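An overview of the molecular structure
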Amino acid sequence: MSEVFEFTGENLAQAKDFVARYPEGRQRSAVMPLLDLAQRQNGGWLPDGAVGTIAEMLDMAPIRVLEVATFYSMYKRSPVGKHQINVCTTTPCWLRGSDEVVGACRNALGVGIGETTRDGEFTLGEVECLGACVNAPVVQVDDDYYEDVDARSMADIIEALKRGTRPPPGSQTGRQTSAPEGGPLTLTGEAAKPAGKKASKKDDAVEGSEAEASEAEATDAEAGEAVEPETVETEAVEIELETEVEAVETETEATETEATETEATETEATDLEAGETEAVEADDDEAAGDKLRPEKE
Ligand code: FES
């Protein structure tokens, strides 16, 4: 680590502010923002001297700082061009055409991956997922993300940078943030239709369903008003019928009670008569027995 690196006065104040944001004893956590600060000050890459200076500031072994600087693709360890074009080629972006985007960069810049143009303006890189897969393919140009890129739009971006202008970052197809292609769709509101876009069959179907639902509601309301008097009459008839049925049931119960009482009375009378008859017959038997018994001498 031979080169000497020192933060400028302004950047040194910024570095101390970064360190002060972490609790006592945790200052090493500031290693990443300090590496980024040093890289920006040094034209986009980190010399050994910067690694040593940061290690000293954070009381870390230089190898620990170097491990961080070589792990993340955002830190560069060798000189780079004024603009860094990093194409994501991880699976989602690859499936969406990152190979064609890399090809467009090669053609427009005349360099391969990891190389810098002769004029020192551009360095072409290949990186892993940039965390914006929803709008794949994605290309990072310096601090900006260009999304939904294809070969043509990538060539246009590079041409604009060569002219000294920076095209607007974000989706290159007009997609709103990460909404579906063709505009946002919701379940509760009307789907937004991009200007000039004809309503799709799906939109028509949704609108048709809503109109049918409204008509059905209106019909139900009308029907409700029309049948209301009939409903009242029907309820009155039902109440009358219930009352009559209850009266009949009460009469039936009374009749059954009377019948039961009558039966009981008749049974008692019959039993009584039978008892008396048996008693008379017993007397007769006793009299007959007396006659048959021989008289005592
Ligand atoms: S795979 Fe390219 S941004 Fe995630």
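Residues numbered from 1 in each chain as written. Predicted model: local features only at pLDDT ≥ 70, side-chain atom pairs only at ≥ 80, totals over all residues.

Turning our attention to the overall build of the chain. Looking only at helices and strands, the chain has eight helices and five strands in total. Starting at the N terminus and ending at the C terminus, the chain contains elements arranged as α-α-α-α-β-α-α-β-β-β-α-β-α. Counting across all 297 residues of the chain, residues that qualify as buried make up 18%. For the chain, contacts bridging at least 24 residues in sequence account for 57% of all contacts bridging at least 6. (Helix = DSSP H or I, 4+ residues; strand = E, 2+ residues; numbered from the N terminus. Buried ≥ 20, exposed ≤ 12 C-beta atoms within 10 Å, placed from the backbone. Contact = placed C-beta atoms within 7 Å.)

Residue placement: Arg166 occurs in the loop between helix H7 (151–162) and strand S5 (170–171). For Arg166 and Asp144, which are 22 residues apart along the polypeptide, the C-alpha to C-alpha distance reads 9.8 Å. Excluding residues within four positions of it along the chain, Arg166 makes contact with Ala160 and Leu161.

Turning our attention to the sheet that holds strand S2 (residues 122–127). Pairing in this open sheet of five strands is mixed, and the strands run S2-S1-S3-S4-S5 from one edge to the other. Edge positions in the sheet fall to S2 and S5, since each of these pairs with one other strand and no more. One ladder, built from three bridges, connects strand S3 (residues 139–141) with strand S4 (residues 144–147); its direction is antiparallel. Directly across from Val141, in S4, lies its bridge partner Asp144. Relative to strand S1 (residues 83–88), helix H6 (residues 98–109) is tilted by about 155°, and along the sheet it contacts S1, S2 and S3. (Pairing = 2+ DSSP bridges. Axes fitted to C-alpha atoms, helices over the stretch in contact; angles between N-to-C directions.)

Moving on, we come to unusual backbone geometry. Looking along the chain, the bond that leaves Ala136 and enters Pro137 is cis, with omega of -5°. Mapped onto the elements, Pro137 comes out in the loop between S2 and S3. Unlike most non-glycine residues, Asp148 shows phi in positive territory, near 55°. With respect to the helices, strands and loops of the structure, Asp148 is situated in the loop between S4 and H7. Asp148 gets classed as partly exposed once you count the C-beta atoms within 10 Å, which come to 19.

The next subject is the packing of helix H1 (residues 9–20) against helix H2 (residues 31–41). Where H1 contacts H2, the two axes come as close as 10 Å, and the packing angle between them is 165°. Comparing their axes, H2 and H1 come out roughly antiparallel. At the point where H1 passes H2, the crossing takes the right-handed sense. Contacts between H1 and H2 involve Asn11, Gln14, Ala15 and Phe18 on the former and, on the latter, Pro33, Leu34, Leu37 and Gln41. (Parallel < 35°, antiparallel > 145°, perpendicular 65-115°, else oblique. Left-handed = near helix turned anticlockwise from the far one by under 90°.)

Right, let's get into the pairing of S4. Hairpin geometry of S3 and S4 is characterised by an intervening segment of two residues between the two adjacent antiparallel strands and by a positive phi of about 55° at Asp142. With two bridges joining them, S4 and S5 adopt parallel strand pairing. Counterpart to Glu147 in the pairing with S5 is Ser171. You can see the chain leave S4, run along H7 and come back into S5, and the turn it takes is left-handed. (Right-handed = clockwise from strand over helix to strand, strands pointing away.)

The contact between H2 and helix H3 (residues 48–57) brings their axes to 10 Å, and the two run at 145°. The handedness of the crossing between H2 and H3 comes out as right-handed. The segment H2 lies against H3, with Val31, Leu34, Leu35 and Ala38 engaging Ala50, Ile54 and Met57. Grouping the constituent residues of the contact of H2 with H3 by class yields seven nonpolar, no polar and no charged. (Nonpolar A, V, L, I, M, F, W, Y, C, P; charged D, E, K, R; others polar.)

In terms of nonpolar packing, the biggest core is built from 22 residues, with Ile85, Val87, Val101, Cys105, Val139 and Met154 touching the most fellow members. Looking at this core, the elements with two or more residues in it are S1, H6, S2, S3 and H7. Per-element accounting of this core gives the leading share, six residues, to H6. Of all hydrophobic cores here, the second largest spans 14 residues; its members include Val31, Leu37, Ile54 and Ala69. (Core = buried A, V, L, I, M, F, W, Y, C linked by C-beta atoms within 7 Å.)

Next up on the list: the confidence of the model for the chain. Model confidence for the chain is summarised by a mean pLDDT of 79, while 62% of its residues fall at 70 or above. Confidence drops under a pLDDT of 50 for residues 218–232, and excluding neighbours within four residues, the segment shows zero contacts in the predicted structure. (pLDDT = per-residue confidence, 0-100.)

So, about H3. Buried within H3 are the following residues: Ala50, Val51, Thr53, Ile54 and Ala55. Following H3 by one or two positions, Asp59 has its phi on the positive side, about 55°.

Considering the arrangement of structural elements, one finds Thr117 in the loop between H6 and S2. For Thr117, a count of 17 C-beta atoms within 10 Å translates into the label partly exposed. Separated by 37 residues in sequence, Thr117 and Val80 place their C-alpha atoms 9.4 Å apart.

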